[in-house]
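# Structural overview
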Amino acid sequence: MNNIETIMRTSPVIPVLVIDDAATARPLAEALVAGGLKVLEVTMRTPAALEAIAEMKKVDGAIVGAGTVVNTDQLRQVADAGVEFIVSPGLTDRLGSAVDETGIPFLPGIANAGDIMRGLDLGLTHFKFFPAETSGGIKALKSLAAPFYQCQFCPTGGISAATAPDWLALAPVLCVGGSWVTGGTMAEVEDKARAASLLGR
């Protein structure tokens, strides 16, 4: 995997994972991958995140990235952990430039035209639209996508199994991020992942 578009096109839903106990990470990754969701975003919101990334990287077929990367210190940590992509909730020039130097595929968060223009200045064309529902939803993304026709998006934030197909129907949307696939037993997670992997087809 050498670019963010390839990763975004791998499956229609990227599970957004908040891991409190690293012991749960590998079984969760195995269930998600078995269900057809190979791209896994482990958020840097808990002390267990880095260990969880290491555990998930042991799962055959898993493409493991780090989410909620907000500064260059975290960037160094996840780069050292060998993540295959990086997601941030927003975009700063400093973080964008630092990620570019690592060569790791990057999906920065945007919520408005100014954010996208900052990304374009950094040579970026693929973005996470976040928080999707509270930033105006589908209507807002349609309005943003028109002038920024060269850009493609992964809406995240408030998206559910029920609303994901509406987002995925938009031409500039390559995938969506969501946490609805992660609850329950591992068998239930696998079932939800399988259903999610078929969305947008």
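Our subject is the structure that appears above.
Figured I'd write up the structure that's included with this text. Nothing here was measured: the structure is a model prediction, and the numbers come from that model. (Residues numbered from 1 in each chain as written. Predicted model: local features only at pLDDT ≥ 70, side-chain atom pairs only at ≥ 80, totals over all residues. Heavy atoms only, no water.)

### Concerning the overall build of the protein
In terms of regular secondary structure, the protein is built from nine helices and eight strands. In terms of C-alpha radius of gyration, the protein reaches 16 Å, essentially the compact-globule figure of 17 Å for 201 residues. Across the 201 residues in the protein, those meeting the buried criterion constitute 51%. Taking the contacts inside the protein whose residues are at least 6 apart along the sequence as the reference set, 59% of them involve residues at least 24 apart. Computed over 15 positive and 21 negative side-chain charges, the separation of the two mean positions in the protein equals 4 Å. (Helix = DSSP H or I, 4+ residues; strand = E, 2+ residues; numbered from the N terminus. Rg over C-alpha atoms; globule rule 2.2 N^0.38 Å. Buried < 20%, exposed > 50% of the residue type's maximum accessible area, 1.4 Å probe, protein only. Contact = heavy atoms within 4.5 Å. Lys, Arg positive; Asp, Glu negative; His and termini not counted. Charge placed at Lys NZ, Arg CZ, Asp CG, Glu CD.)

### Side note on the state of the cysteines
One pass over the full model with this rule turns up zero disulfides. No disulfide involves Cys 154; its sulfur sits 3.5 Å from the nearest other cysteine sulfur, which is in Cys 175. Take Cys 175: its relative accessible area is 0%, and that puts it in the buried class. (Disulfide = S-S within 2.5 Å.)

### Things to note about helix 2 (residues 25-34)
By the burial criterion, the buried members of helix 2 are Ala 25, Leu 28, Ala 29, Ala 31, Leu 32 and Val 33. Buried residues along helix 2 sit in contact with strand 1 (13-17), strand 2 (39-43), helix 3 (49-56) and helix 9 (186-197). Among the residues trailing helix 2, Gly 36 stands out with phi positive, at a value near 105°.

### Some words on the pairing of strand 7 (residues 152-155)
Successive residues of a regular strand alternate their side chains across the two faces of the sheet. Neither face of strand 7 is open: one carries Gln 152 and Cys 154, the other Phe 153 and Pro 155, and all of them are buried. As for the winding sense of the linkage, the β-α-β connection from strand 6 (residues 126-129) through helix 7 (residues 137-145) to strand 7 is right-handed. (Right-handed = clockwise from strand over helix to strand, strands pointing away.)

### Here's the deal with the packing of aromatic side chains
Two aromatic rings are characterised by how far apart their centres lie and by the angle between their planes. Under the criterion given, the structure shown has two aromatic pairs. Ring geometry for Phe 127 and Phe 153: centres 6.3 Å apart, planes at 35°, overall tilted. Here Phe 127 is found in strand 6, whereas its partner Phe 153 is found in strand 7, with 26 residues between them in sequence. Judged by its relative accessible area of 0%, Phe 153 is buried. Ring geometry for Phe 129 versus Trp 167: centroids 6.2 Å apart, planes at 50°, classification tilted. Here Trp 167 lies in helix 8 (residues 164-168) and Phe 129 lies in strand 6, a separation of 38 residues in the sequence. A single burial state applies to Phe 129 and to Trp 167, both of which are buried. (Phe/Tyr/Trp six-rings, centres within 6.5 Å; stacked < 30°, edge-to-face > 60°.)

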